[in-house]
Amino acid sequence: VTKRQVTVLPASLSVCPDYEGRAVYRGDRFPLQVSATYNGVQFTVDASYTSSDPEVAYVLQEEDSWTLVASSGGDTVIKAVFRHNGEEYTVATPLHVYGAHTVSIYALGYGATSRDSLLTGKLYGERITLSLKDPVAGRDIKCWYVDGVKIEGNTFIMPDSNVVAYAKYVNETEGDFTVGM
């Protein structure tokens, strides 16, 4: 499901899940609700909810409400089932949960060949500042690459995936150090 799917509704009834299009991150928790309009009158439907992948996000029934809990990154579909004027309707809405990712940091040049450090638990949209834990003494970093693309400065915005970052040192005798890239 790539967009919301609804069982056939009468022309006088429209629905809108309040979580549709919402940015959801691992660890988020919020109430689920579907709004409807029938003959021009807006109301909240009394629905029950399920998740197609409870490992990504699961739903809890708490007294008279339903709550979504985003437990990991990935895609799921939230189904809301409700009755109106004696008919049952289902609204299936895709939901993407931004999960935690890692940044593997390496240095290139002057014998540096192994991973310098690993940043874990980084979320999509987070500003990441790169630095080396074990830099080569007396050598300056010329530039940084993230997933093979040179970046300006030492910061980037975390994508929704794991990334590899490389620091390239300035080579004082040859100018630009480019081995490995």
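Residues numbered from 1 in each chain as written. Predicted model: local features only at pLDDT ≥ 70, side-chain atom pairs only at ≥ 80, totals over all residues. Heavy atoms only, no water.

Caption draft 1: Spotlight on the overall build of the protein. Each helix and strand counted, the protein has zero helices and 18 strands in total. Expressed as a percentage of contacts within the protein between residues at least 6 apart in sequence, the contacts between residues at least 24 apart total 55%. (Helix = DSSP H or I, 4+ residues; strand = E, 2+ residues; numbered from the N terminus. Contact = heavy atoms within 4.5 Å.)

Caption draft 2: Spatial organisation of the environment of Asp116. Residue placement: Asp116 occurs in strand β13 (residues 115-123). The spatial distance from the C-alpha of Asp116 to the C-alpha of Ala167 is 9.8 Å, given a sequence separation of 51 residues. Among residues more than four places away in sequence, those in contact with Asp116 are Ile105, Tyr106, Ser131, Leu132, Lys133 and Asp134. Within the structure, Asp116 has its side chain in polar contact with the side chain of Ser117 (distance 3.4 Å). (Polar contact = N/O pair within 3.5 Å; in protein donor to acceptor, adjacent residues only side chain to side chain.)

Caption draft 3: Molecular detail of the nonpolar core. Tyr19, Leu32, Tyr49 and Leu68 are the most contacted members of the largest nonpolar core, which totals 24 residues. Here this core gets four residues from one element, more than from any other, and that element is strand β11 (residues 87-98). Dropping the residues within four chain positions of it, Leu32 is found in contact with Asp18, Tyr19, Tyr49, Val59, Trp66, Thr67, Leu68 and Ile78. (Core = buried A, V, L, I, M, F, W, Y, C linked by side-chain atoms within 4.5 Å. Buried < 20%, exposed > 50% of the residue type's maximum accessible area, 1.4 Å probe, protein only.)

Caption draft 4: Highlighting the pattern of salt bridges. In total, this model carries three salt bridges according to the counting rule given. A salt bridge links Glu62 to Arg29, with the nearest nitrogen and oxygen atoms 2.7 Å apart. Here the residue Glu62 occupies a position in strand β8 (residues 57-62), and Arg29 occupies one in strand β4 (residues 29-32), the gap between them amounting to 33 residues. Owing to a relative accessible area of 32%, Glu62 belongs among the partly exposed residues under this scheme. Here Glu126 ties to Lys122 by a salt bridge, and the two come within 3.7 Å at their closest N and O atoms. (Salt bridge = Lys/Arg side-chain N within 4 Å of Asp/Glu carboxyl O.)

Caption draft 5: The arrangement of the confidence of the model for the protein in detail. On average, residues of the protein score 87 in pLDDT, and 89% of them reach the 70 mark or higher. The low-confidence segment residues 172-181 (pLDDT under 50) makes 17 contacts with residues lying over four places distant or belonging to another chain. (pLDDT = per-residue confidence, 0-100.)

Caption draft 6: Representation of the packing of aromatic side chains. Overall, the coordinates contain six aromatic pairs when judged by the stated rule. Three or more aromatic residues link up through ring pairs in this structure, and these residues are Tyr19, Tyr49 and Trp66. In this arrangement the basic side chain of Arg22 is found over the ring face of Phe30, its NZ or CZ atom lying 3.7 Å from the centre. (Phe/Tyr/Trp six-rings, centres within 6.5 Å; stacked < 30°, edge-to-face > 60°. Lys NZ or Arg CZ within 6 Å of the ring centre and 35° of its normal.)

Caption draft 7: Broad picture of the side chain of Ser51. By the element assignment, Ser51 lies in strand β7 (residues 47-51). A distance of 2.6 Å separates a polar side-chain atom of Ser51 from the backbone oxygen of Ala57. A distance of 2.8 Å separates a polar atom in the side chain of Ser51 from a polar atom in the side chain of Thr76. If sequence neighbours within four positions are ignored, Ser51 has contacts with Ala57, Tyr58, Val59, Thr76, Val77 and Ile78.

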